[in-house]
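Survey of secondary and tertiary structure
The chain contents come next:
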Amino acid sequence: MMKNRIIRISAFLLSALMLLSLIPFTCTAAEESANIFNLSEKSHMMVSVEYTSGAPMVKFISPDGTEYGADALANGSMLKEDDGSVLTYRIRNASAGQWKIVYDKGSNKKLNITWAPYGEAVSVSSLSYQKDSDTRLKVSLGVSYFEAASYNYVLYAVTTDENGYVEGKRQLAEGSGTANSTEEISVNISDLASYSDYKIMAEVSVKTGAVTVSDSKVSAGSFSYTNENAPEAMKDVYVEYGVNEEYLLVDWSEYTRSCESYILAIYENDSSEPAYISEFESDITSTEILIDPAISKFKIDIGYKKSSGEMSNFLSKTLDTKYAKAITTDAVEETSSSYVMISYDLTSFSKEVRVDVTVNENTQEVLLKDKGTMTAALELFENEFTVRWYLDETTAFVIHHSIYADNMAPLLILPEITTEVNTKDSKYILVGYTNPGCTVTVNKESAKVDKNGDFTITLNLKEGENEFAVVSENVLGISSSQTFTVTRSSFAAVSAKGKTDSEKTSPVVKFLSEYKVLLAALAASMLLFLHVVISSRIFSKRREKKGVLSAVVNLIGSTVLYISVLAGGYAGYCIYKLIQSNRLLNSMKFYEAANKAVSTSYAMIELHETIKKRMIIWIIIFVLLFMAGFVLMLVSLFIKKKNKPSSAVKPESKLSTKARSVTQTKPEPEQKNEQEESRDPSPREDEKAVEAVPEKTVTFCPVCGTENNISSSFCKKCGSKLKKK
């Protein structure tokens, strides 16, 4: 009962606590205050309050004691934003002096408070114009702001590109107005140059404290203007169209004027908006721009501005790109040809066309018409090749190529191939060199060519004559070739003294060299035979003492050690050969061999590397096998006997065995009384019986104690060898 009551009370208390947790409580902490910014002049200010758990209660106190809280938010003199972690307050037209912040942190341990001046956005809400006279425009300007503040404006006449971006502008008027109202402004355009596509742009700005905000807008419509009093236009301009390099060059260096700057505008096809417009200082007299080759027509307008600000009338020039395909060439970057073919179709031209063909610094001028072909001779190696044809004296199309011409066959040198080569080896290392960048093949098999042009390739030889064709080809397809024969014969080459290599070698060295593999196999076989004999004897003895498992593990371990000894021997042989090879590579013999035959020295280096690799491999094999064999030998020492006899069972003594045999073969004799026993000097019957027992017929295993027939050699239970005495 008591236990149930305790459970019910606990459940009631827990439910009460859960209900209480659902009731909101407001925990009010003491308000805190701090000085924040001190302004020297009126300004818009932004204050950020960063918190971590629950938005704090915040208000501000102005220098004159005015409280900025809920009332300020209501009348719009202060704005508030909350993103869940930062409260942002914007105090409009904050008065000069010391400002304070008053806050209640609530559940936050601390607040991070920052402030900075800001500017309220201003925008050009409307912009339009109409002609008031031939030289004046009436501009209507509307500006939006959060209050009726004063703003400054500047009006411009501008030119724009096809995307509406301003490329050039000229100031027409400036002044001030009041926001949220419309200003009517009359502007003078008499200083503008003649142009067909001007627009009006307005820039407005409002300054509050140290912050200035601005906005700009370009009118939707455009107007044209012809200035009768403007300086005369430029006489001409040179225009060049790069056919294959896709550029447009405009050069007015021969038609400069005394001015402050030049204005250049380029229109694509029939667009009324310039695709390119720029103003250049008076010392710049040309420009080159990249173009889209799909454009069919370009219009170039160029003018200049005097130091007084007057703009000249514009010179206009049109370029039709259909003439770009009138001339073509077969020029490529690299060629083995000594000339370039030029094809032309000038039937669309009404007169002969002047064509300039330039190769490096040599220019040939020809007059062409109708259709036909011509050639231009190339110089060896580097060539700057240009074909330029003219629509008129100041309009040209250009094809330009950088051509590398090389009609010389590449160098191919095989230093060791002077006569027919004889060898008894199955491989021959060919060494040579050619020009860098060429490819080399030997019987169509590629050879590796380094950056210097040196190459090496190993050739497989069959018995008899082996013909090889070596071909070196450069990037232009020009090739050089050589052929040679390598004769492989089982007979040694005859030396200069008339004796063969085999005759100069001693019989012992010759025998060891020819039969070294057979001798090594014979030595390994003898060692294997000794290992088998020794291991079999050790196996038998260990089986008797430690059991079969221990004997088998011991045998495996000794075999692994035997193999590791062979591996160690071969590793030692490799070390010996490596030392010899290293001495040879650092001796005069190596340098003499290199001077006589590069292939010989290369083979010596290759053999040295092969021996080094073999040495490392066999040392690793030796270490691993030796460790494995050593571990197996240790394991065999600690393996217990498979059938160890119990300590409670001991083999019976010979005397007890004899007694048991007597008991089994003779009935127990009748006992005599003590008197008869003392009177009878003859031996007792039981003693006679013992002496009469025949020699034993069984024997016992010294390991497990099992009875075995005396004629048996091994225990019938555990297989241990039985000892006979």
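Please refer to the structure placed before this passage.
On a predicted model such as this, the values are computed, not experimentally measured, just so you know.

**Things to note about the sheet that holds strand E3 (residues 57-61)**
- If you walk across this open sheet you meet the four strands as E1-E7-E3-E4, and the pairing is antiparallel. Across the chains shown, the open sheet's two edge strands, defined by having one partner strand only, are strand E1 (32-39) and strand E4 (67-68).
- Relative to strand E7 (residues 97-104), E1 runs antiparallel, the two being bridged by six bridges. From the neighbouring strand, Ala34 faces E7, where its bridge partner is Ile101.

**Details of the side chain of Thr423**
- With respect to the element layout, Thr423 can be found in strand E33 (residues 421-423).
- With sequence-adjacent residues up to four places away left out, Thr423 is seen in contact with Leu461, Val486, Thr487, Arg488 and Ser489.

**A few points about the sheet that holds strand E10 (residues 136-144)**
- Ordered by their spatial adjacency, three strands build an open sheet running E9-E10-E13, and the pairing between neighbours is antiparallel. The open sheet is flanked by strand E9 (123-131) and strand E13 (182-188), the only strands paired with a single partner. Ignoring strand direction, the axes of neighbouring strands in this sheet form an average angle of 25°.
- Pairing geometry for E9 and E10, over eight bridges, is antiparallel.

**Comments concerning the nonpolar core**
- With 47 residues, the main nonpolar core has Leu248, Trp252, Phe298, Val355, Phe385 and Trp389 as its most contacted residues.
- Setting aside its immediate chain neighbours within four residues, Phe298 contacts Tyr241, Leu248, Ile266, Tyr267, Glu268, Ile291, Asp292, Lys317, Thr318, Leu319 and Thr321.
- Among the nonpolar cores identified, the runner-up in size contains 37 residues, and Leu137, Ala149, Val211 and Ile263 belong to it.

**Points about the side chain of Thr434**
- Tracing the chain through its elements places Thr434 in strand E34 (residues 427-434).
- Here the side chain of Thr434 touches Ser472 through a polar contact of 2.7 Å, side chain to side chain.
- Residue contacts for Thr434: discarding those within four places in its chain leaves Pro410, Leu411, Val440, Val449, Asn452, Gly453, Phe455 and Ser472.

**Remarks on the environment of Leu79**
- Topologically, Leu79 is positioned in strand E5 (residues 78-82).
- Relative accessible area serves as the criterion here: at 24%, Leu79 is assigned to the partly exposed category.
- Between the C-alpha atoms of Leu79 and Arg90, which are eleven residues apart in sequence, the distance is 5.0 Å.
- Those residues in contact with Leu79 that lie beyond four places of it in its chain are Leu73, Thr88, Tyr89, Arg90, Arg92 and Glu120.

The rules behind these values
- Residues numbered from 1 in each chain as written.
- Predicted model: local features only at pLDDT ≥ 70, side-chain atom pairs only at ≥ 80, totals over all residues.
- Heavy atoms only, no water.
- Pairing = 2+ DSSP bridges.
- Helix = DSSP H or I, 4+ residues; strand = E, 2+ residues; numbered from the N terminus.
- Contact = heavy atoms within 4.5 Å.
- Axes fitted to C-alpha atoms, helices over the stretch in contact; angles between N-to-C directions.
- Core = buried A, V, L, I, M, F, W, Y, C linked by side-chain atoms within 4.5 Å.
- Buried < 20%, exposed > 50% of the residue type's maximum accessible area, 1.4 Å probe, protein only.
- Polar contact = N/O pair within 3.5 Å; in protein donor to acceptor, adjacent residues only side chain to side chain.

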